[in-house]
Amino acid sequence: MPASPSTARAINDRLALRLLQQDGPLTATQLKSLTGLSRPTVADLVDRLQDAGLVRVVGESGSDRRGPNARLYGIVADRAHLAALDVRTDSVAVVVADLLGVTLAEATLPIGSDTGTRPAVERAVAMLERTARTAGTAPLHSVGIGAPGLIDPATGELRNTAGLPAWHGGLVRELQQRLSATVLVENETNLAAVAEHRIGAARDRDTFVLLWLGHGIGAAVMLDGKLRRGASGGAGEIGFLPVPGTSGVPSAVNCEGGFHSLVGSAAVCRLAEDHGIRAWGPAADAAQEQDPAAAFAVRAALRAGGAAGEAFLSELADRLALGAASVVSVLDPGCLVLAGEVGRAGGDALAARVEERLARMSPLRTEVRAGTLGGGAVLSGALFAAREAAQDVLFGAGG
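Computed from a predicted model, the values in this text were never measured in an experiment.

Turning our attention to the domain arrangement of the chain. By a frequent convention, interface size equals the accessible area lost on bringing the separate parts together. For the chain, the domain assignment lists domain 1 (5-75), domain 2 (82-190 + 378-395) and domain 3 (201-372). Each of domain 1 and domain 2 has a C-alpha centre, and these two points are 33 Å apart. Contacts between the two partners involve 6 residues from domain 1 and, on the opposite side, 7 residues from domain 2. Counting each side, the surface lost to burial between domain 1 and domain 2 is near 750 Å², with a carbon and sulfur contribution of 52%. Linking domain 1 to domain 2 there are 0 salt bridges. In this assembly, domain 1 and domain 2 are joined by 2 residue pairs in polar contact (both at pLDDT 80 or more). The biggest single contributor to the side of domain 1 that touches domain 2 is helix H1 (residues 5-23), with 4 residues.

Pasting the structure below:
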């Protein structure tokens, strides 16, 4: 059935807004060309979007042109603000941005292991509120949160998981109750995959698996451009994968003995020390990385080269290939992204070693790439989630 006039207008408005968001300010003529709509239809939708306060004239196209056809229209980015949080075991990072994703303010709060649940929650909420005020007076529309652990696919809530701080769940609940904004929570590795897909190493791939290499180990599955979370939200809990080379097998409440025991941060540091590679960096590195020790060890091995560096990288690649081979044999993703601080530190050199080993272990051709966003991928992915939630409301019919 043909769309009703109101539905057609809503579809056209959303299309125009997405183009303005993706491509920057555009003239009416450019919108006509990109949308395929008639000139009168474009003129109507531009007037409609201006009246709704969603777009405005931001300049003119070309110094030698004047008049209505030269006007550049852009998104009213300060109509509302967005926030993204990266919740780690020992810290919270926050970014507040406008509707175009431009960062307006940011902050990081360390939280010690001896901090009580309520004080940790209150400090994190206060940090978000201060950062939002610093960003300006526009209302906070949507908040995206990236956290370790399982997200219940039925309720969207962070599930209690053994080994994770109790304040994680408390923070999410507090924000959902206290803020008038939409609050979304997603597994941190899934958000990293969204970011690498949008602006990172997997921009040209709609099907891939992201392997997160940081303090912990995780995987995200992107098939045909969509995240696959699993029946209980646990798709990608690869740290629990039983693999050879460990002292035992994991349990339902502890991933020790699983893949985590081979390639988690502590395991990478021990491996580096076994090969005579220093596994910690100066204070400057600690300030730049969420997980500096393992990442520093990988960078040090690449810089040093020689027999010790090569032996360390070779064994690390062997370990990574063990877990990756299981994923590849089941999903055949065609592309594996080594993400997180360690994945970025290893770069193309580590990715090439893992790819070569996978080619020997599996008949399924798999390209291995280094993630380009490091630890910042989680915040970027959380901001994308907040941005899309805001778009669905603000860019929908009626604005």
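And the narrative resumes.
So, on to the pairing of strand E12 (residues 367-370). Relative to E12, strand E11 (residues 335-339) runs parallel, the two sharing 4 bridges. The residue bridging Leu-336 from the neighbouring strand is Val-368, located in E12. Following the backbone out of E11, through helix H12 (residues 340-361) and into the adjacent parallel E12, one traces a crossover that is right-handed.

Taken as a whole, the largest pocket spans an internal volume of roughly 970 Å³. As for the largest pocket, its lining consists of 38 residues, and the residues nearest its centre are Pro-148, Gly-149, Leu-164, Gly-216 and Ile-217. Taken together, the elements giving at least two residues each to the lining of the largest pocket come down to helix H6 (188-199) and strand E9 (217-223). Partitioned by chemical class, the residues of the lining of the largest pocket number 12 nonpolar, 18 polar and 8 charged. One number sums up the size of the second largest pocket: a volume of about 470 Å³. Secondary structure elements with two or more residues in the lining of the second largest pocket: strand E6 (140-147), strand E7 (182-187), H6, strand E10 (226-227) and helix H13 (377-394).

For the rest of this paragraph, the subject is the side chain of Asp-98. Its place among the elements puts Asp-98 in strand E4 (residues 91-98). Within the buried set, Asp-98 has no salt-bridge partner at all; the shortest N-O distance to an opposite charge, 7.3 Å, is to Arg-387. Among the polar contacts listed, one links the side chain of Asp-98 to the backbone nitrogen of Leu-100, at a separation of 2.9 Å. Apart from the residues within four sequence positions on either side, Asp-98 is in contact with Ala-77, Ala-80, His-81, Leu-82 and Leu-104.

Leu-211, Phe-312, Leu-316, Leu-320 and Leu-338 are the most contacted members of the largest nonpolar core, which has 42 residues in total. Mapped onto this core, the elements with two or more residues apiece are strand E8 (208-213), E9, helix H7 (260-263), helix H8 (265-274), helix H10 (292-304), helix H11 (306-331), E11 and H12. Among the elements that take part in this core, H11 stands out by supplying 9 residues, more than any other. Phe-312 has contacts with Val-268, Leu-271, Ala-272, His-275, Ile-277, Ala-297, Val-298 and Ala-301, leaving out every residue within four places of it along the chain.

The full count for this structure, using the stated rule, is 19 salt bridges. Of the charged contacts, one joins Glu-129 and Arg-178 as a salt bridge, the two residues approaching to 3.6 Å between their closest N and O atoms. Of the two residues, Glu-129 is situated in helix H4 (residues 117-135) and Arg-178 in helix H5 (residues 167-178); the sequence distance between them amounts to 49 residues. Since its relative accessible area comes to 37%, Arg-178 is described here as partly exposed. Put simply, Arg-369 and Asp-204 hold a salt bridge, and the shortest N to O gap is 2.7 Å. One end of the pair, Arg-369, is in strand E12; the other, Asp-204, is in the loop between H6 and E8, and 165 residues separate them in sequence. By relative accessible area, Asp-204 is classed as exposed at 58%. The network of salt bridges with shared partners includes Arg-118, Glu-122, Glu-129, Glu-174 and Arg-178.

Conventions we followed
Residues numbered from 1 in each chain as written. Predicted model: local features only at pLDDT ≥ 70, side-chain atom pairs only at ≥ 80, totals over all residues. Heavy atoms only, no water. Domains from an automatic or database assignment. Contact = heavy atoms within 4.5 Å. Buried area = accessible area lost by both parts, 1.4 Å probe. Salt bridge = Lys/Arg side-chain N within 4 Å of Asp/Glu carboxyl O. Polar contact = N/O pair within 3.5 Å; in protein donor to acceptor, adjacent residues only side chain to side chain. Helix = DSSP H or I, 4+ residues; strand = E, 2+ residues; numbered from the N terminus. Pairing = 2+ DSSP bridges. Right-handed = clockwise from strand over helix to strand, strands pointing away. 1 Å grid on protein atoms, 1.4 Å probe; cavity = no way out; pocket = protein on both sides within 12 Å on 5 of 7 lines; lining within 4 Å. Points joined across faces, edges and corners; volume = space filled by probe spheres on them. Nonpolar A, V, L, I, M, F, W, Y, C, P; charged D, E, K, R; others polar. Buried < 20%, exposed > 50% of the residue type's maximum accessible area, 1.4 Å probe, protein only. Lys, Arg positive; Asp, Glu negative; His and termini not counted. Core = buried A, V, L, I, M, F, W, Y, C linked by side-chain atoms within 4.5 Å.

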